[in-house]
Every structure is written in structure tokens, then in C-alpha cells.
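# Observations on chain architecture
One letter stands for each residue in the lines below.
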Amino acid sequence: MRTSSMLKLLDRYIIQKFLSTFFFTVLIFTMISVIIDFSEKVEKFIESDITRYEIFVMYYPGFIMFIAGLLWPLYTLIAVIFFTSRLAYNSEIISIFNAGVSFRRLMQPYLLAAAFIAGLHLIGNHFLIPLGNKNRLDVEHAYIWTNNDKGKTQDVHMFVAPETKVYINYYRKRDSTARKFRMEQFKDGELVYLLKANTAEWQGPPNRWKLRNYEIRTFDGMDEELILGRGNELDTAFNLTPEDFVDYKEQHTMMTSVEIQQYIAAQQARGVGNTKKYEIEFHRRSAEPFTIFILTIIGMSIAARKVRGGIGLHLAMGVGIGALFIFFSRFAVVFAAGQVIPVIVGIWAPNVLFSLVAVYLTRNAQM
């Protein structure tokens, strides 16, 4: 009973140290990031007509969540190494081992604290951070990076269904009007329907458009039916909206995971296969929380050993491992985006590789 009580007390002590050090690390690095970002954008804020509400309520809460989510696993590694090195330097780790506590048993409170942090990161990645990103990026697109819209407006070719293609010579975003509109439908590789119009004007949801000066051709083998609407208007609907002509570089980070899945399904239903960055983003959001467990084990295995150089050496090793992990992760993502390897392999490969590193370090850690 006495040993059990001691272990529970030890568990609470380590969990408290872990979480307090972690959130202190998050606070310090977040403050530094906000100060640097504000110093870079203060001129833009002054020159534009942005309001204080947009800066302090819309932009910076989203920015803080973005930075925290981006570096959450690295913060965990730094926190683990920092407080574990102090325990080792003060000979507390050796005392724990001398009391009969094994290294694996000592890992339990670390993993419990890591599970709590990973749970927060998982919820944030899938739901909260995308909402913050939307507010942050809306402000940036409106006042800071006003030319970041990469959507095409000339010679646009787009699938609206698996065998239905749309061509637009020019799209004017300010009034959602398409010039020289053309829609083709195919069946078994043969053209069966052709719709052309001088202009197509967006009328609002659900996918309503008004065509002016239109022409409809229907093909059935050698037979052809022609309908001319010169000077007339045609109200119709097809799977195309003004949002399809807007494409921001970080648009996928503004969507919750539910919205990403819906977007991927809609694009695949159209017959569009270029959804890699959305698939990568979706799988990344689940893989990163798992990274927290791996880096926790690695950090503990490194810092539990008392060495010359103390905390400084341990932090240097930890930051090096974190940097190597980030480099390898980005490298794998590039291969996945280039369709060299499957998306799920590219996202999870770094976790698998560093899991092996964690196992090796655990087996060779101080007992």
C-alpha cells in the first residue's frame, strides 16, 4: 500500500511538472511569435482601414491557434526534455530508480500527460484551428496579402460532373459573370450534348445561372437537334458556384475536417482527381497528435540520463531531433503531393520511422 501510494504521488508530481512546463513553453513561444508577427504587419495595419476588432478578436486569436497547432509536438519535446533534465540533474531520476521503479513504469505518467496534450491537439486540428485559420486568413486576404487569390479567370476548364465539362473564356469575379460559356456532356467518350452562351450570370444558390444568347445542340448518333436562343434568356442549374473560381494557397487549412471530406467527395463526384493537398491536410491532422507520444518517449529517454552538459546538451539534442523530424515530415509530404507515394504513407512514414527510434532509445535508456 505504501509503495502504491508513493507511485500515485510520483505520478501526480510528474504529470503536474510535465503539463506546467508544457503550457509555460507554449506561452513563451506564442508571445514571441505574436510580437514578431505584429512588428512585421504593424505598417499594414496602420495603412489599411482595418478595425481593432478585426486585429485583436478576428486575427490574433486565429494566429495564436495556428502557431500553437503548428509547433505543438515540438513544444512537447522541449517541455519533456527541460523538466526531465532538471530531475536527472538533481538526482531525482536516480532516486526513483533506486526505489525500485522501472523505466517503463516511470513512462506511465509521461504518457498520460502526453495523451491529454494529444487529445487537445486532435480536437484543435480537426475543428478549432481551421475556424481560427478562416478568421485569420480572411483578415490577411482583405488587408495584407490582397493579391493571394490564385483562382483562374481566363480559359477555365472545369468538370461539373464525371462526364460533363465546362469551358469559360473569361470569368469576372466582381459580378460573378462568365463570358463565352460552353458546357459539354459525353457518354461513352462521345459528345451527346452541347450548350453554349455568350454570358452566364450567377443567380444564387442552389447553383442557379442565367444564360443569355444561348445555343443547345443534342446528338444522337448521326441525328442532331438544334435550339437557338438568340436574344433570349435561359434559367438553368449546374454544379458550379463562384467559390470554384477562388483558390487561396492555404484554403485547405480554413476547412474543418468534415468540410474537407465533403469537398473531396464533391470533387470526386465531379470527376476531378486533384484533391491531394486536401487529403494530405486531413491525414496530417490525425498523424500529428500521435507524434506527441513518440516525441515524449524520445525526449524522456534522452533526458533521463545524467550527463555532462546537463540541460543544455539535452535541449540541443532534442531540438536537433525535432528539426530532423520536421524535415523528414516535409520531405515525405512533397513525395505524397507529387503522387510518388500514397498520401497516407507519406503522412505516417515519419511517425513509423521515429517510432523505431523511440523503441531503440527506450531499450537503451538508463534503467
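In case you missed it, the structure is sitting above this.
Described in the following lines is the structure provided in the data block. Just so it is clear, the model here is predicted, and its values are computed rather than measured.

Thresholds, definitions, all that
- Residues numbered from 1 in each chain as written.
- Predicted model: local features only at pLDDT ≥ 70, side-chain atom pairs only at ≥ 80, totals over all residues.
- Heavy atoms only, no water.
- Helix = DSSP H or I, 4+ residues; strand = E, 2+ residues; numbered from the N terminus.
- Rg over C-alpha atoms; globule rule 2.2 N^0.38 Å.
- Buried < 20%, exposed > 50% of the residue type's maximum accessible area, 1.4 Å probe, protein only.
- Contact = heavy atoms within 4.5 Å.
- Areas by Shrake-Rupley, 256 points an atom, 1.4 Å probe, with all protein chains shown as cover.
- Lys, Arg positive; Asp, Glu negative; His and termini not counted.
- Charge placed at Lys NZ, Arg CZ, Asp CG, Glu CD.
- Phe/Tyr/Trp six-rings, centres within 6.5 Å; stacked < 30°, edge-to-face > 60°.
- Pairing = 2+ DSSP bridges.
- Salt bridge = Lys/Arg side-chain N within 4 Å of Asp/Glu carboxyl O.
- Axes fitted to C-alpha atoms, helices over the stretch in contact; angles between N-to-C directions.
- Expected span 1.5 Å × (residues − 1).
- Bend = angle between axes of the 7 residues up to and from the residue.
- Patch = residues over 30% accessible without salt bridge, like charges linked within 9 Å, V, L, I, M, F, W, Y side chains within 5 Å.
- Polar contact = N/O pair within 3.5 Å; in protein donor to acceptor, adjacent residues only side chain to side chain.

### Observations regarding the overall build of the chain
The helix and strand inventory of the chain stands at eight helices and six strands. Against the globule reference of 21 Å for 367 residues, the chain gives a C-alpha radius of gyration of 28 Å, more extended than a compact globule. Taking the principal axes of its C-alpha atoms as reference, the chain extends roughly 90 × 50 × 35 Å. Taken over 367 residues, the chain has a buried fraction of 42%. Of the contacts formed within the chain by residues at least 6 apart in sequence, a portion of 64% connects residues at least 24 apart. With the model as given, the accessible surface of the chain reaches about 20100 Å², and the carbon-plus-sulfur share is 60%. Once the 39 positive and 33 negative side-chain charges of the chain are each reduced to a mean point, those two points are 12 Å apart.

### A short note on the packing of aromatic side chains
On inspection of all chains with the given rule, the structure shows 21 aromatic pairs. An angle of 35 degrees between the planes, with centres 5.8 Å apart, marks the rings of Phe18 and Phe83 as tilted. Here the residue Phe18 occupies a position in helix H1 (residues 2–47), and Phe83 occupies one in helix H2 (residues 52–89), the gap between them amounting to 65 residues. Side by side, Phe18 and Phe83 carry an identical accessibility label, which is buried. When the ring of Phe38 is compared with that of Tyr60, the centres are 6.4 Å apart and the planes differ by 45 degrees; the resulting orientation is tilted.

### Thoughts on the pairing of strand S6 (residues 223–237)
Examined bridge by bridge, strand S5 (residues 208–220) and S6 share twelve bridges and lie antiparallel to one another. From the neighbouring strand, Phe219 faces S6, where its bridge partner is Glu224. The turn linking S5 back onto S6 is made up of two residues, and Gly221 within it adopts a positive phi angle of 65 degrees.

### Observations concerning the pattern of salt bridges
Per the counting criterion, the structure on display carries 16 salt bridges. A salt bridge links Arg182 to Glu184, with the nearest nitrogen and oxygen atoms 2.6 Å apart. Here Arg182 falls in the partly exposed class, since its relative accessible area comes to 29%. Accessibility expressed as a relative area gives 13% for Glu184, which makes it buried. As a salt-bridge pair, Glu215 and Arg217 come within 2.7 Å of each other at their nearest N and O atoms. Salt bridges here are not isolated pairs; linked through shared partners, they connect Lys196, Glu215, Arg217, Glu224 and Arg230.

### Considerations on the sheet that holds strand S2 (residues 164–172)
Here we have six strands laid out as an open sheet, ordered S1-S2-S3-S4-S5-S6, and antiparallel in their pairing. Edge strands, defined here as strands with exactly one partner in the open sheet, are strand S1 (154–161) and S6. Here the average twist between neighbouring strands, direction ignored, is 15 degrees. Relative to S5, strand S4 (residues 190–204) runs antiparallel, the two being bridged by ten bridges. Considered in S5, the bridge of Leu194 is made with Arg217.

### Observations concerning H2
With 38 residues, H2 should cover 56 Å at 1.5 Å per step; its first-to-last C-alpha distance of 47 Å lies more than 12% under that length. Maximum bend of H2: about 60 degrees, positioned at Trp72, with proline Pro73 one to four residues after it. Where H2 ends, the next residue or the one after it, Ser91, has phi of about 65 degrees, a positive value.

### What about a nonpolar patch on the surface?
On the surface, a cluster of nonpolar side chains totalling about 640 Å² of accessible area is made up of Phe24, Leu27, Ile28, Phe29, Met31, Ile32 and Ile36. Structurally, Phe24 can be placed in helix H1. The class of Phe24 is exposed, set by a relative accessible area of 52%.

### Describing the environment of Glu224
Inspection of the secondary structure puts Glu224 in strand S6. On a C-alpha basis, the gap between Glu224 and Ser301 in space is 76 Å, while along the polypeptide they are 77 residues apart. With sequence-adjacent residues up to four places away left out, Glu224 is seen in contact with Arg217, Thr218 and Phe219. A distance of 2.3 Å separates a polar atom in the side chain of Glu224 from a polar atom in the side chain of Arg217.

Read these as layout, nothing more, since geometry by itself doesn't imply function.
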